[in-house]
Amino acid sequence: MKRIAFPAAFVAALVLTALAAPLLDLPDPIRQDIANRLAGAMAGSPLGRDEFGRDVLARLIWGARASLGVAFASAALACLVGVTLGLIGGWMRGLGEILTLRLVDIVLCFPPILLALLVVTLLGPGAGTLILVLAVLYAPGFARLTYGEVLSVRATDYVEAVRALGASTPRILTRTVLPNIAGPILVQFSLAVAAAVVVESGLSFLGLGVVPPTPSWGLMIRGGRTTMAQAPLLLLWPCLALTLTILAMNLLCDALRDAVDPRARAGGGRRRIVDRVLPGLFPAPRPAAPGLSISHLSVEIDTPKGTIRPVDDVSLSVASGETLAVVGESGSGKTLTALATMGLLDPSVRVVAGQVLFEGRDLLTLDERDLRALRGKRIAMIFQDPMTALNPVMRVGDQIVEAIRAHSAAGARAATDRALELFRRVGIADPEKRLRVYPHEMSGGMRQRAMIAMALANNPVLLVADEPTTALDATVQAQILDLLADLRRDTGAALIFITHSLAVVAEIADQVVVMYAGQIVESGPVAAVFATPRHPYTAALLAASPDSNDPSAGIPGTVPALHALPPGCRFAPRCAHATDACATPPVLEVLEDGRESRCVRRREIFG
Amino acid sequence: MSALVELEGVSKSFGGEGWFDRTKPVQALRGVDMRIARGEALGVVGESGSGKSTLGRVALGLLEPNAGQVRFDGASVGGASPAHWRALRRRMQIVFQDPFGSLDPRRRVGVQIADGLAIHDIVPAAARAAKVAELLGLVGLPPEHGDRFPHEFSGGQRQRIGIARALATGPDFLVADEPVSALDVSIQAQIVGLLAKLRAELGLAMMFVSHDLRVVRRLCDRVQVLYLGRTMEEGPAARVFESPAHPYTRALLAAAPRLDGPRRAKLLLRGDPPSPSSPPSGCVFRTRCAHATAECAAAVPALREISAGHKAACVHLERIPPL
Amino acid sequence: MIWYLRRVAISLLLLLSIAAIVFFALHAIPGDPAEVLLSTGGVSPDAATVAALRTKLGLDKPILEQFATFLFAAARGDFGTSLVDDYPVIDEIALRLPRTLELVFAGALLAVAIGLPAGVAAAMGRDGIFDRVASGAAALLLAVPVFVVGTLLVLLFAQVLRWMPAGGYVAFDRDPARHMLLLTLPAIAVAKGLAATVFRMARAATLDALSRDHVRTARAKGLSPMRVLLRHVVRNALSPVVTVLGLQMGTLLGGTVLVEYVFNWPGLSTPLLRAVEGRDYPMVVGIVLTVSALFLLINLIMDAIYALLDPRARSA
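In this text, all values refer to a predicted model and were calculated from it rather than measured experimentally.

(A) View of the interface of chain B and chain A. Opposite the 57 residues of chain B that make contact, chain A presents 55 residues. For the pair chain B and chain A, the two sides together bury roughly 4,700 Å², of which 55% comes from carbon and sulfur. On the surface where chain B and chain A come into contact, there are two salt bridges. For the salt bridge of Arg171 of chain A with Asp115 of chain B, the shortest nitrogen-to-oxygen distance reads 3.6 Å. Elements that contribute at least two residues to the side of chain B that touches chain A include exactly helix H2 (82-91), strand S6 (92-95), helix H3 (109-119), helix H6 (185-202), helix H7 (213-219) and helix H9 (247-255) of chain B. Per-element accounting of the side of chain B that touches chain A gives the leading share, six residues, to H6 of chain B.

Written as structure tokens, this is what we have:
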């Protein structure tokens, strides 16, 4: 908000001053007084006199009136015409679209000053001509913007809903479409005003804009040029006024644009080195087998609503040849945990506690160079959406080859051969051809296979797969899961599989960790956990799963927001078994058989 | 008694329409039939490119088919007069997939729910607030929530609001277009339960579009399976689930990972789904079907009846071993 | 390839439309065209002069015939003769166009050479000192109109410091050193707006590219930062920059007119401004059409570069 306030105040003050010009007690800006030409500051003229003896300050203020008047008038006219055209083109499509948009495109092709000069040639200079010319120049911008916004709003479900309700077109346009595009149009208006001030002053400078004796900043600069040697200040005052005005307007435009299209920025701050806080009072991490072991990892983000911990004291481990599933719904912290292990967190996310032990070293303390040596070679990651995870402007084969050559001394030929072999291994038909295509030319399933191939390129000992099948069709998902299971068996790698689907977990994993609101609530071997869950959340998830036998109606309530967590057990508000004992934060306890649970009432509930 | 909603031989293609649109036309639907009786729930299942969402919109009259007939309560939907069109809009409504895009971010939810009431003048302005409160209660939300804006609600709550909005005009027919796909598992079951309850209480006919067979099973009386714009199989839900006849239905059922461990039968499909703009000749599924023969490329197989109300479009039905 | 031919065809169509607008604009003004052209300063011209001009411009023929004649002549490069001094318009254009082009290219080159690396560097060190200073400078540069910059440059370097001449021109083959010296200040003035715009776009595009999933994938593969930067970030960020270059060409050309005026650079602006004041319509038409054609050509080149950078555009 602060960003808008200052420029807006400046512009508002300027506009008010300009509007009030006739009321202020100013000397006549037009009356010449040759005797006092080029005088410095004197009584009644704090900024001196110009080359004709006219008062500079008065001319500045009246010049503001002329420039701003032309600018606002032309922007308003352009807005009216342009938005109407854009609405017609965007809503009606068909013939209306052609007429409005293609005609508008032609105007956009003209370099603006040339169009202005053309019209001035025919109509002669003057404020009226200027307003017309500027309106014609900027209307296409409004039309194009409105057209684009209408098209995208049109495709939204809420507009379709209103259509389905039977609303008439005028009603839809005025109540639903226009309010939702008003923001960008406002931004465009401020841009048009700023641009109009620039063009008007340029034309006046050339002597082809506002006609003397009406003052205008451009005209003042034109006059000031001739007396540059004797009176440089005369030149500087209008330059300063013009620059400050345009600067304020530009800042206002930018601030408006940001306000209209906000992007969540989770607090500033670079990543700090890990604080080695005391790991806590709990048992040591699981015995180190070759594999990965995360202990007491915590991660924080600063948000406008406070600092949150999307990963809170998470410990898990996976041995080689084993598959560990990390299950949770959105907001459980499972993806962030995975990213943290590879040091791929966004800079705004801080690791505040914990260790990630891999091959005898704590990954969180390694510097970037050492981490890079591991990434893609010993630990590889498969991401959720292969369409965005692959570089759209690079051939797929090149991206695989790149991964290979980053970690080995293989030459281009050898690397290509290996890529071919990998493609065959993951079941991509016609691998020679497929190496040369771009990601958008592949189907979803094939892209994911390519991603898997890329992850396997250097025979990693640990694979981290972040919801690799969520974005795929059911039948393709089945193929990919099968492929992953095969590969894991063949290579003996450890696999961490992140998902929200319990059924997938049942199919592919040996061990499972269940996360809720940033914490682990239960863990253990898959078969045991699914047969006899030891946390109400796990039990409820199992029951709510689409192919469970119990047709219950899901889990009531919603996952708590991380900045407004309940004081005790985070699941208590939604738990059918909650009692007063749940008001104290429960601790993750290790059970006799190596399983873990965070429910204090588990014995009463589950026996 | 005739069905409430009847579609016959409906085809719909997209693209290549505008003078400047150079994309190749894509056939979303090819000669699809669909019937829904009063109070009946039909599940329409398919993967991406199957045309299921398009079918829903054609049934509602929001999209005009390139071929075929669409009838609602006996009267044709296409070419309806403006008055008839408005009357139709009261009787059929839609619930969308995306809880975050289906509500206007600029207006309070109570106002949006009341849209239908205002447009069709169902209750006088003074009584609208009470009706909105009633609708909110029907979907399990407290009445004071009507004053809030959409961004203040979670995904599941927004879906409830969307349902309330759809019910405002008192429709006989509701199209639910993947209403739970974008929600967390625990919320999915809540919403499905709500829809089942509303259906029972209000006697709604429903078309439930989904890619997840298991969700459909809970809610629907009948099921229709689409692939690349054609019907592969249709029939009573229980039958289709217990003894799926068409190879595609079987693959779909087998593909769903199960809670009780790895899949029993390995019925993996070969290859990737073909592109909707250049489908295979004859049976559109043949390129991925384990049982395909030359016969399958020759002609589009017709829907054949296997038992009462259960049909499938495959020439090899007899030869495929039962599960 | 076909899509590119379509673009060329559309460009030709646009040029034709511009010619039509320019031609019919004269007739769209209320009043007789010849009288309009001759009435400067509110003084009505005498009938004989008006009649002479009508015959000269062929205004007595049917309008479509006029248009056809105009089009065919224009395609050959014949824009008629100046109403002021009766010399062929095309001669004047041929003489001055190369000088304007030289200024445009010098300015564009300078703008990209400064703006692009600065924008990428600012994005990489986001919110750091360099970023803040550079972004502030860009905002300031965008706010100052180009003729103000030019005038102030003259004030500073010619008037106050006396390091450079205030303006003028000497042919390259006559005195290369002085030619380049005289080119410097005007080129800087022309470049100022574009440099700021390129900077902003490069910064925004780089930030966007950095946040993309495929950059995370690249880092996950263990690639070196330089490789990630060049092949995965900059390459993807270049396309929006190319787009904005094409879009800004119009503003750049307009700025060149003003800069030439300030520095007395004898390009197209001199005859253009003289023609506007004197209502020398054939001259104005000739220059406008030539510059528009130039503008469209530049955009076609930008399209080709864009397609080279982003293969998705080729199939669109």
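We are not done yet, so read on.
(B) The arrangement of the sheet that holds strand S5 (residues 75-76) of chain B in detail. Taken in spatial order, the four strands line up as S2-S1-S4-S5 (chain B) in an open sheet, and their pairing is antiparallel. This sheet does not close on itself; its edge strands, each paired only once, are strand S2 (26-36) and S5 of chain B.

(C) Fine view of the environment of Lys197 of chain B. All names here are of chain B. Along the chain, the position of Lys197 falls in helix H6. Look at Lys197 and you get partly exposed, because its relative accessible area is 40%. Lys197 sits 107 residues away from Arg90 along the chain, and the two C-alpha atoms are 21 Å apart.

(D) Broad picture of the interface of chain C and chain A. Counting residues at the interface gives 65 residues for chain C, matched by 65 residues for chain A. Applying the counting criterion to the chain C and chain A interface returns four salt bridges. A salt bridge links Lys221 of chain C to Glu402 of chain A, with the shortest nitrogen-to-oxygen separation between them at 3.1 Å. Between the two partners, chain C and chain A, sit 14 residue pairs in polar contact (both at pLDDT 80 or more). Of all the secondary structure elements, the ones that give two or more residues to the side of chain C that touches chain A are helix H1 (2-28), helix H6 (129-143), helix H7 (146-160), helix H9 (213-220), helix H10 (225-263), helix H11 (269-278), helix H12 (281-309) and helix H13 (312-315) of chain C. Per-element tally for the side of chain C that touches chain A: the top contributor is H10 of chain C, with 13 residues. Looking at the side of chain C that touches chain A, its residues break down into 38 nonpolar, 14 polar and 13 charged.

Rules behind the numbers
- Residues numbered from 1 in each chain as written.
- Chains lettered and ligands numbered in written order.
- Predicted model: local features only at pLDDT ≥ 70, side-chain atom pairs only at ≥ 80, totals over all residues.
- Heavy atoms only, no water.
- Contact = heavy atoms within 4.5 Å.
- Buried area = accessible area lost by both parts, 1.4 Å probe.
- Salt bridge = Lys/Arg side-chain N within 4 Å of Asp/Glu carboxyl O.
- Helix = DSSP H or I, 4+ residues; strand = E, 2+ residues; numbered from the N terminus.
- Pairing = 2+ DSSP bridges.
- Buried < 20%, exposed > 50% of the residue type's maximum accessible area, 1.4 Å probe, protein only.
- Polar contact = N/O pair within 3.5 Å; in protein donor to acceptor, adjacent residues only side chain to side chain.
- Nonpolar A, V, L, I, M, F, W, Y, C, P; charged D, E, K, R; others polar.

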